[in-house]
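# Observations on the model geometry
Listed here are the chains, written in short residue letters.
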Amino acid sequence: MSKLPFKVVAVDMDGTFMRNDQTFDHQRFNRILNQLRADGAHFIVSSGRPYTRLREDFAGFLTRIDMIADNGSLLLKDNEIISSHLLTYQTTVDLIKFVQKHYPESSVIVTGVYHSYTTIDASPDFKKKMSFYYPESIEVNDLLAAVTPDDQITKITLSYRKDFSAELEKEFNKHHTEKIHCTSSGFGLLDIVPYSVNKGSALQYFLRYFDAKPSELIAFGDGMNDKEMLELAGYSYAMENAEPALKKIAKYEAPSNNTDGVLEVLDSYLNK
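Quick caveat: nothing in here was measured; it's all calculated off a predicted structure.

### Here's the deal with the side chain of D226
Examined against the element boundaries, D226 turns out to sit in the loop between β12 (217-221) and α8 (227-232). Setting aside its immediate chain neighbours within four residues, D226 contacts D12, K199, G221 and L246.

This is the structure in structure tokens:
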């Protein structure tokens, strides 16, 4: 077996590591993870999912992986938060008002470190989808009344029919001192996080922590919230099912998420 050309592995979840039925091959992943660790490589889950969901997804693996949650707002090592980037209470309030005024057709969920809020009148489809990702979410009549300064808000997620993330970011930042970053996470959802927060900047933190270079990073993604992560990585893979724009950024293509493309590629490196 030849030496691995990378020290750090980073994988998106939806449309990348997870199959569409929200499963992955635990036995195969366990073997690959043990092989990676034996070779001194680190495995990072890099997702828009909240960390409460990721902890459930990777129960049994938590002491052997690291996590980037909420598109870069929370970083976890050894199942503990080591870095967080939060929206201030005032910016959270201003964002809720801005969305309610300019995008009233959107359903909204406001994500805190330990629980999240959505509205009773959010669309049934949105609430059904969010119930999986945010099982601890609380339905309220009024988001502005529910959110408090103690909630530690990491992200606000909106539904959309047409992606307006660039427009929202530009217009909000034009009139506010505290800037935000807005990105589509695919599947008709967009995420609002603190400015300069993304998967790429989160991975740079981990690379410094592990004394690794971007050229020693292999990353897998399928959507445009993976853009900065793939631009950073020396070995960048877009999934076969990825958005066309992301395929133009990636150096390589991995098989579909539904055929365990990430594990297939990692196995190919481990078995060389």
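Moving on from the model shown.
### Things to note about the sheet that holds strand β3 (residues 66-69)
Pairing between sheet strands relies on hydrogen bonds along the backbone, with the strands arranged either parallel or antiparallel. Pairing is mixed in the open sheet, where eight strands are placed in the order β5-β4-β3-β2-β1-β12-β13-β14. The open sheet has two edge strands with one neighbour each: β5 (80-84) and β14 (252-254). Each adjacent strand pair in this sheet contributes to an overall mean axis angle of 20 degrees, direction not counted. Where β3 meets strand β4 (residues 74-77), four bridges bridge the pair, whose relative direction is antiparallel. Bridge pairing in β4 places A69 opposite L74.

### Looking at the nonpolar core
Of all hydrophobic cores here, the largest spans 58 residues; its most connected members are F17, F29, L36, F43, F58 and F220. If you tally residues by element for this core, the top one is helix α10 (residues 261-270), at six residues. In this view, F17 contacts V11, D12, F24, F29, F43, F58, V262 and L263; residues no more than four positions away in its chain are not counted. Core analysis: the second largest hydrophobic core is formed by 24 residues, L87, I153, Y160 and L168 among them.

### Remarks on the sheet that holds strand β9 (residues 153-159)
The mixed open sheet is built from six strands, whose spatial order is β8-β7-β6-β9-β11-β10. Unpaired on one side and paired on the other, β8 (138-140) and β10 (180-186) mark the two borders of the sheet. Sheet twist, expressed as the mean angle between neighbouring strand axes with direction ignored, is 25 degrees. Where β10 and strand β11 (residues 189-194) come together, six bridges link them in antiparallel fashion. Among the inter-strand pairings, H181 is bridged to a residue of β11, identified as V193. The sheet strands contacting helix α3 (residues 89-102) are β6 (108-112), β9, β10 and β11, and the helix crosses β9 at an angle near 5 degrees. On the sheet, helix α6 (residues 165-174) packs against β9, β10 and β11 and is oriented at approximately 170 degrees with respect to β10.

Thresholds applied
Residues numbered from 1 in each chain as written. Predicted model: local features only at pLDDT ≥ 70, side-chain atom pairs only at ≥ 80, totals over all residues. Heavy atoms only, no water. Helix = DSSP H or I, 4+ residues; strand = E, 2+ residues; numbered from the N terminus. Contact = heavy atoms within 4.5 Å. Pairing = 2+ DSSP bridges. Axes fitted to C-alpha atoms, helices over the stretch in contact; angles between N-to-C directions. Core = buried A, V, L, I, M, F, W, Y, C linked by side-chain atoms within 4.5 Å. Buried < 20%, exposed > 50% of the residue type's maximum accessible area, 1.4 Å probe, protein only.

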